Amino acid sequence: MEEEDSVSINPTPLFRPPPPRTQTLDDIQLLSPSSSQLCEESTNFCQLYTPQVKNEVIPRIDQHFRNLEDVYAFYNNYAFHAGFSVRINSSKMDKNGETTRKDYVCFKEGERRISKATTTRRRGLTREKCGAKLVVVRAWSSEGFVVSNFVEGHSHSLTTPRKTHLLKSHRRISDAQKSLTQHLAAANVPPHQQMSILELQAGGLGNVGFLPQDLYNKNRDERNCVDGYDADMLYEYFETEQQKNLNFYFTMEKDDEGRMSHCFWADATCRKSYQYFGDVVVLDTTYNTNRYSMIFAPILGVNHHRQTTLFGCGFLCNESSDSFEWLFKEWLKAMPGIPPKMIITDQDLAMTKAFANVLPNTHHRYCIWHIVSKFSSKISALSYKEHYDDFKGCMWNSESPEEFDRRWEDIVTKSNLSDSEWLQSIYEIRDRWVPAYTKHIFSAHMTSSQRAESSHAFFKRYVSKENTMLDFVLRFERALSRIRHNELNLDHKDVNEKAFLKTSSFMEKGMSELYTQSIFYMFQDEIFQINAYVVTSRHEDEHRCLWDIRRPDMEGSRSREISVEKSSNLVSCSCKMFDFDGIPCRHMLAYFSRMQIMELPTKYILRRWTKSTKASRVMDDLGSVGKEICDRSVLVRRQGLFQLACNVIDEGVLDEEGTEVVSKHLLLAKDELAVLRSSREPRPASVIEMSISNGSQHSFNEPLQVRAKGCGKRLKGGKERAVKKSRKCHGCGLIGQSHDKRNCPKLLNISSQDVRLDDDDDDMSNNDDE
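Procedures and definitions
Every chain is numbered independently, its residues counted from 1 as its sequence is written. Thresholds applied to this predicted model are a pLDDT of at least 70 for local features of residues and 80 or more for the giving and counting of side-chain atom pairs; totals over whole chains, interfaces and linings are not thresholded and use all residues. Computation of side-chain values covers all heavy atoms of the structure but excludes hydrogens and water. Stacked, tilted and edge-to-face pairs are distinguished by plane angle, under 30 degrees for stacked and over 60 for edge-to-face with tilted covering the rest, among Phe, Tyr and Trp rings (Trp via its six-membered ring) whose centres lie within 6.5 Å. Comment: elements are numbered from the N terminus, with helices defined as DSSP H or I runs of at least four residues and strands as E runs of at least two. Relative accessible area decides the class of each residue, using a 1.4 Å probe on protein chains only: under 20% of the type maximum gives buried, over 50% gives exposed, and in between gives partly exposed. Both a distance and an angle decide whether a charge sits over a ring: NZ of Lys or CZ of Arg must be within 6 Å of the ring centre and within 35 degrees of the ring normal. The span you would expect from a helix comes to 1.5 Å times its residue count less one. Relevant arc is that of directions from the helix axis to the C-beta atoms, nothing else. Contacts were defined at the residue level, with two residues in contact if any of their heavy atoms lie within 4.5 Å. What counts as a salt bridge is simple: a side-chain nitrogen of Lys or Arg found within 4 Å of a carboxyl oxygen of Asp or Glu. Interaxial angles span 0 to 180 degrees and are taken between N-to-C directions of axes, which are lines fitted to C-alpha atoms, for helices over the stretch in contact. Angles below 35 degrees are treated as roughly parallel, those above 145 as roughly antiparallel, those between 65 and 115 as roughly perpendicular, and all remaining angles as oblique. When residue character is reported, Ala, Val, Leu, Ile, Met, Phe, Trp, Tyr, Cys and Pro are called nonpolar, Asp, Glu, Lys and Arg charged, and the others, Gly included, polar. Two strands qualify as a pair provided DSSP detects at least 2 bridges between them.

Caption draft 1: How the structure looks around the packing of aromatic side chains. A full pass over the atoms with the stated rule returns 40 aromatic pairs. Between F238 and F250, the aromatic rings sit 5.4 Å apart at their centres with planes inclined by 40°, giving tilted as the arrangement. With F238 in helix α5 (residues 230-244) and F250 in strand β10 (residues 249-254), the pair connects residues that are 12 residues apart, well separated along the chain. Since its relative accessible area comes to 0%, F238 is described here as buried. Classification of F250 by relative accessible area gives buried; the value is 12%. Each residue in the set Y235, Y237, F238, F248, F250, W265, F296, F315, F472 and F476 is aromatic and connected to the rest through ring pairs, giving one cluster. We note R430 situated over the ring of Y427; from NZ or CZ to the ring centre the distance is 4.1 Å. Over the ring of F528 we find K502; its NZ or CZ atom is 5.2 Å from the centre of that ring.

Caption draft 2: Here's a closer look at helix α4 (residues 212-225). With 14 residues, α4 ought to run about 20 Å at 1.5 Å a step, and its terminal C-alpha atoms sit 20 Å apart, in line with that. All buried positions along α4 are accounted for by D214, L215, K218 and N219. Buried residues of α4 fall within an arc of 140° about the axis and therefore sit on the same side. Buried residues in α4 make contact with α2 (175-186) and α3 (191-202).

Caption draft 3: Broad picture of the pattern of salt bridges. Going through the model one piece at a time under the given rule, you end up with 31 salt bridges. In this structure, D94 engages R138 in a salt bridge whose closest nitrogen and oxygen atoms are separated by 3.3 Å. One end of the pair, D94, is in the loop between β5 (86-93) and β6 (99-106); the other, R138, is in strand β8 (residues 133-138), with 44 residues separating them in the sequence. Taking the relative accessible area as the measure of exposure, R138 reaches 16% and is therefore buried. Note that K509 is salt-bridged to E513, the shortest N-O span being 3.3 Å. Here the residue K509 and the residue E513 both occupy positions in helix α17 (residues 506-514), the gap between them amounting to 4 residues, near one helical turn.

Caption draft 4: Local environment of the packing of helix α12 (residues 401-414) against helix α13 (residues 421-428). Where α12 meets α13, the closest approach of the two axes is 13 Å, and the angle between their N-to-C directions is 175°. In terms of axis orientation, α12 runs roughly antiparallel to α13. Residue-level contacts link F404, D405 and W408 of α12 to L423, I426 and Y427 of α13. Partitioning the contact of α12 with α13 into residue classes produces 5 nonpolar, no polar and 1 charged.

Caption draft 5: Highlighting unusual backbone geometry. One non-glycine residue, R306, lies in the positive phi region at around 60°. Residue placement: R306 occurs in the loop between β14 (299-302) and β15 (308-316). At N569, a residue that is not glycine, the phi angle is positive and equals roughly 55°.

Caption draft 6: Representation of the sheet that holds strand β21 (residues 570-573) within the structure. A sheet is described by the order of its strands in space; here 4 strands give the open sequence β18-β19-β20-β21, paired in antiparallel fashion. If you trace the sheet from one side to the other, it starts and ends with β18 (534-540) and β21, each paired once. Geometrically, the sheet is characterised by an average inter-axis angle of 25° between neighbouring strands, direction not taken into account. As paired strands, β18 and strand β19 (residues 544-550) are joined by 6 bridges and run antiparallel to one another. Considered in β19, the bridge of V535 is made with I549.

Spelled out as structure tokens, the structure:
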């Protein structure tokens, strides 16, 4: 037997004749015992359990309380020592709506009602017609409430002290614990790990004060609290950010029913980043966002460290061309400078139509990865196995449109795929995805939207589809701050660290001081190979010179052509690496070495790849310098004070004397601030609080559920689809079904006849029991 069963304060069973021991007011004659107060009529004795607790915690008849909160706290404390849980059974009010009577009962009072429901949740019986209760009535001679009836005996055994913390009325998440869990959630710590941290702090799960399910329920209630106000709260948050910094840009629109339909925002850092790195843009809308599944459209680019950078974000209610057109018009309004040179997206007709209207001079490129990945499903398995490598070599190794066309036609003829409509369709739009057709346009070494999809994987560690729109934006901003801090870290390294040099080349040393480290190492790989190439003159006329560049030690290596325009002294290579990446290729560097050009000419150094790319100022629409953070913002003041407080606490916590000094001055500062606040007018309620209590003047209703075209989809190969078709359901025995045993219609039809007990343990009714 466990030690807990022998604790002296636990109740012991007594045998007494009915009725149970009660205390009543002499002047209250109308109160008659109810069925819950009396044991069932029987000639035998009734078994009752009377708690053995200290006298000072036992309620007394005519005991006075100031309010109902004190009544509940006192009776719940008694219940904790006794070993049962308390719930409110009924209330009585007068015509003015004021409570005149309230009944507090044991959680096993009454009996369960039976109803039809699903069998997914099965709960045991808890109601046992227990008659223990406490009744208070309003005191007419003075303010407050007095105890009018107290039934002490229970019809069931009581809980031992080791299990008391599991009872519902004794489980509570304190304000300090709520604050801690909110901070942990902001740091992307999931609830189960939050419980582990609280367990370590409290010295065990039994000392935490609540169960893991209570934490999940708290998060659920907080999400439900914003139901109906989510869009308005998001609008108010954007307004607050704009007040902190006038360079924050946002816009929101609603449909005819008042529901939020479109939203776009970009902070000051996004706008500045576009000024520096807005030549190439990537857009991918397949990311699953919040509880409304709105289409999330982050507009991304590449910074001078070849990291992903953000140019703005949008929420869309659908993926129509009108929605994309609206998004990019608002984005162009917010961004300084000219439109981008290239934009990379999925193969989407709605985007194609929208960009043709909004960005007619921007080259719209399709993601090559999404097109290539469809080969396995669009052509036969045999053709894919025998000819895919040929297609792959044609797409990636062709250096000119003419070469690609010739090789493609040969492969299609050889594979007998001339009748393939899909191959014909992608060939007709080859100028949008084949590298040979797009190498002449700068794209920062990007051929697909994989950069956007990799950023999605990063952001998924911070946000989920369960988030409200406001919570999603807040968590997204925290994730974005991590990305921007990584950029700051690399900027710091560029200033304080020098790259390792592989050669004694003067050009290599000079570019190590100009390029960022990530770009320099790409340049270093090119210049390290120049001695392996032979440069020979092939042709010269009055306009240009042509040179052949080849590597003799590598069998089958391709010969490249260097063209030099005499009028402008412009050097170009047939591989188009400089046009595509913005970094001189090894063939151009070999030519410069042959011509004894010691320094890389300025025209071949892109400023966007250098350490000084962000040295220039960015002007806003009014001609003033855009600031990333407003110096007067509450955020900056809070960050400064928080850092100062952390430094002081770290110094003072080392010994008791220091702790006393810090505590003394913090309490003194608190008292002075209280005097300062009391001398001012009362602080008005926040805009978000007013939105919830009175309804926001903006009246943005929450959007409807949205289903994106590519959201949640994954490309499946022929083998995977074949396995799925041959899958057998172990419930009904059918093959090739889309269901399994867990959701088999046959099993669900059988289980729907089952009956379970209604889950009404925690209901708080207002029914009078007279």
